[in-house]
Amino acid sequence: MGYNKFMRKIKNLKIIIIAILVIAVLACGVLVADKKGLFEEETTTEPITLATTKITFIEGITLTECFELLEQNGVASYDALMNTAQNYAFTDYKIYSDIPADESRCFKLEGYLFPDTYDFFLDEAPESVISRFLSNADVKITDDMRARANELGYTMDEIMIIASIIQAEGAFQSDAATIAGIIYNRLEDNMRLEMDSTYFYVTEDIASFVGEENIEGYKEIYNTYDCFSLPQGPVCNPGMFAINAALYPEETDYYYFCHDKEGNTYYAKTYSEHLRNCDKAGL
């Protein structure tokens, strides 16, 4: 019994010592904090909030228009975005591997800045900004689409070029597949596509980047009134309905189309019929 009483006294003594130490530590902490005048600040730290902006990029927007919009909204400068787009290797994204290494192409990423609504930080790094578009494109452009392109005898990049023309020609979802069929008909018969959108792409977007005095070489490879094949690259950033139309064109006997000011579409099998349609459309 004497031994047990002794042990209980030792145990109680340990508890007392621990309690004294705890009180001493707390007292020192309060004293130090109080001397520094930081006690309240240390316990009520507020998180830093970075400014953001939300921007919607419409289907058919071009790369230059996209970068101008980003600069206007304080996300990144046009020059920094353009330099990054032309020179940075975005190899983390599968869609990037669909783009051929072609130095004659004016804008490497044209066609691949997927149109959508995005949130950005103000003064964000240009690589981060562009990565948002490519990450979205990686989700939207699937391996099934690549397999379908292969079935048609085209690369995914060529499908994106065709989709960009469909989009830039002002196609509606209701007539996109028919216009796609017309493009394929003309390609298969070795006809010039003669799409106005490719001409204006050279004289507006490319000219704004390289200068009007330097566009002659680009006319030969982008303007489909001059070249017999597809333009060297996409002429805008197409939306999903245009991409799907390029992948699943309507089988048709038409070779020509035009729109009137109200958006009505006129189709023709022959050039003479096309001219009559242009008169009807007021063109």
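Reading guide: rules and limits
- Throughout, residues of each chain are indexed from 1 in the direction in which the sequence is written.
- In keeping with the predicted nature of the model, local features appear solely for residues at pLDDT of at least 70, side-chain atom pairs appear and are counted solely at 80 or more, and the whole-chain, interface and lining totals rest on all residues.
- Only hydrogens and water are set aside; all other atoms, that is, all heavy atoms of the structure, feed into the side-chain values.
- Patches draw on residues past 30% relative accessible area with no salt bridge. Two like charges within 9 Å are joined, as are two nonpolar side chains (Val, Leu, Ile, Met, Phe, Trp, Tyr) within 5 Å.
- Where accessible areas are quoted, they stem from the Shrake-Rupley method and a 1.4 Å probe; at the residue level, only the protein chains shown are allowed to cover.
- Any carboxyl oxygen of Asp or Glu within 4 Å of a side-chain nitrogen of Lys or Arg constitutes a salt bridge here.
- By definition, any uninterrupted DSSP run of H or I lasting at least four residues is a helix, any uninterrupted run of E lasting at least two residues is a strand, and each is numbered from the N terminus.
- Here's how the labels work: a residue is buried when its accessible area is under 20% of the maximum for its type, exposed when over 50%, partly exposed in between, all with a 1.4 Å probe on protein chains only.
- Should DSSP find at least two bridges between two strands, the strands are taken to pair.
- Only Phe, Tyr and Trp rings take part, Trp by its six-membered ring, and two of them pair if their centres are within 6.5 Å. Stacked means planes under 30 degrees apart, edge-to-face means over 60, and tilted covers everything else.
- Counted as over-ring charges are cases with an Arg CZ or a Lys NZ within 6 Å of the ring centre that also lie within 35 degrees of the ring normal.
- A 1.4 Å probe that fits but cannot get out identifies a cavity on a 1 Å grid over protein atoms alone, an open set with protein on both sides within 12 Å along at least five of seven lines counts as a pocket, and a residue lines either if it has an atom within 4 Å of a point.
- Grid points are joined across faces, edges and corners, and a volume is the space filled by probe spheres set on the points.
- Neither His nor the chain ends contribute to the count of charged residues, in which Lys and Arg are positive and Asp and Glu negative.
- Here the site of a charge means NZ on Lys, CZ on Arg, CG on Asp, or CD on Glu.
- In this analysis, two residues are considered to be in contact whenever any of their non-hydrogen atoms come within 4.5 Å of each other.
- Known as pLDDT, the predictor's confidence for each residue is given on a scale from 0 to 100.

1. Quick look at a nonpolar patch on the surface
- On the surface, a nonpolar cluster with roughly 350 Å² of combined accessible area is contributed by Ile 48, Leu 50 and Phe 121.
- Locating Leu 50 in the fold gives a position in the loop between α2 (39–43) and β1 (52–56).

2. Concerning unusual backbone geometry
- The backbone of Asp 123 sits at a positive phi, close to 60°, despite the residue not being glycine.
- Examined against the element boundaries, Asp 123 turns out to sit in the loop between β2 (117–121) and α5 (126–140).
- On the accessibility criterion, Asp 123 (71% relative accessible area) is exposed.
- At Glu 194, a residue that is not glycine, the phi angle is positive and equals roughly 50°.
- Among the structural elements, Glu 194 can be located in the loop between α8 (176–188) and α9 (196–210).

3. Focus: the pairing of β1
- Only one face of β1 is covered, namely the one carrying Thr 53 and Ile 55; the face carrying Thr 52, Lys 54 and Thr 56 has none of its residues buried.
- Here β1 runs beside β2; their pairing, made up of 5 bridges, is antiparallel. Bridge pairing in β2 links Thr 53 to Phe 120.

4. A short note on the packing of aromatic side chains
- Throughout the structure, instances matching the rule amount to 17 aromatic pairs.
- Centre to centre, the rings of Phe 57 and Phe 120 are 6.2 Å apart; their planes meet at 90°, and the pair counts as edge-to-face. Taken as a pair, Phe 57 in the loop between β1 and α3 (63–72) and Phe 120 in strand β2 lie far apart in primary sequence, 63 residues in all.
- Judged by relative accessible area, Phe 57 falls into the buried class, the value being 3%.
- We classify Phe 120 as buried; its relative accessible area is 1%.
- Above the face of the Tyr 256 ring, Arg 186 is positioned so that its terminal group lies 5.0 Å from the ring centre.

5. With respect to the layout of surface pockets
- When its volume is computed, the largest pocket comes out at roughly 650 Å³.
- Together, 30 residues line the largest pocket, and Glu 169, Glu 194, Met 195, Asp 196 and Tyr 225 are the ones closest to its centre.
- At the level of elements, α3, α8, α9, β3 (256–259) and α12 (271–281) are the ones that each hand at least two residues to the lining of the largest pocket.
- When residues of the lining of the largest pocket are assigned to their parent elements, the largest contribution, 6 residues, is made by α9.

6. Let's talk about a negative patch on the surface
- A contiguous patch of negative charge, built from Glu 65, Glu 68, Glu 71, Asp 79 and Glu 204, is present on the exposed surface.
- Per-element tally for the negative patch: the top contributor is α3, with 3 residues.
- Within the secondary structure, Glu 65 is located in helix α3.

7. Brief notes about the environment of Asn 185
- Here Asn 185 is to be found in helix α8.
- Separated by 71 residues in sequence, Asn 185 and Tyr 256 have C-alpha atoms that sit 9.8 Å apart.
- Not counting residues within four places of it along the chain, the set of residues in contact with Asn 185 comprises Thr 252, Asp 253, Tyr 254 and Tyr 255.

8. Topic: the confidence of the model for the chain
- On average, residues of the chain score 86 in pLDDT, and 83% of them are at 70 or above.
- No element of the chain has a lower mean pLDDT than helix α1 (residues 2–36), which averages 44, and none a higher one than α3, which averages 98.
- Taken together, the stretch residues 1–11 has pLDDT below 50 and engages in 0 contacts with residues farther than four places along the chain or on a different chain.
- Predicted confidence is poor over residues 18–42, with pLDDT under 50, and the contacts of this stretch with residues over four places away or in other chains come to 2 contacts.

9. Describing the pattern of salt bridges
- Taken as a whole and assessed by the stated rule, the structure comprises 10 salt bridges.
- Residues Arg 105 and Asp 157 are paired through a salt bridge, measuring 2.6 Å at the closest nitrogen-oxygen approach. Separated by 52 residues along the polypeptide, Arg 105 in the loop between α4 (78–87) and β2 and Asp 157 in helix α7 (residues 156–168) bring together distant segments of the chain. A single burial state applies to Arg 105 and to Asp 157, both of which are buried.
- Connected through shared salt-bridge partners, Lys 94, Asp 98, Asp 143 and Arg 146 make up one network.

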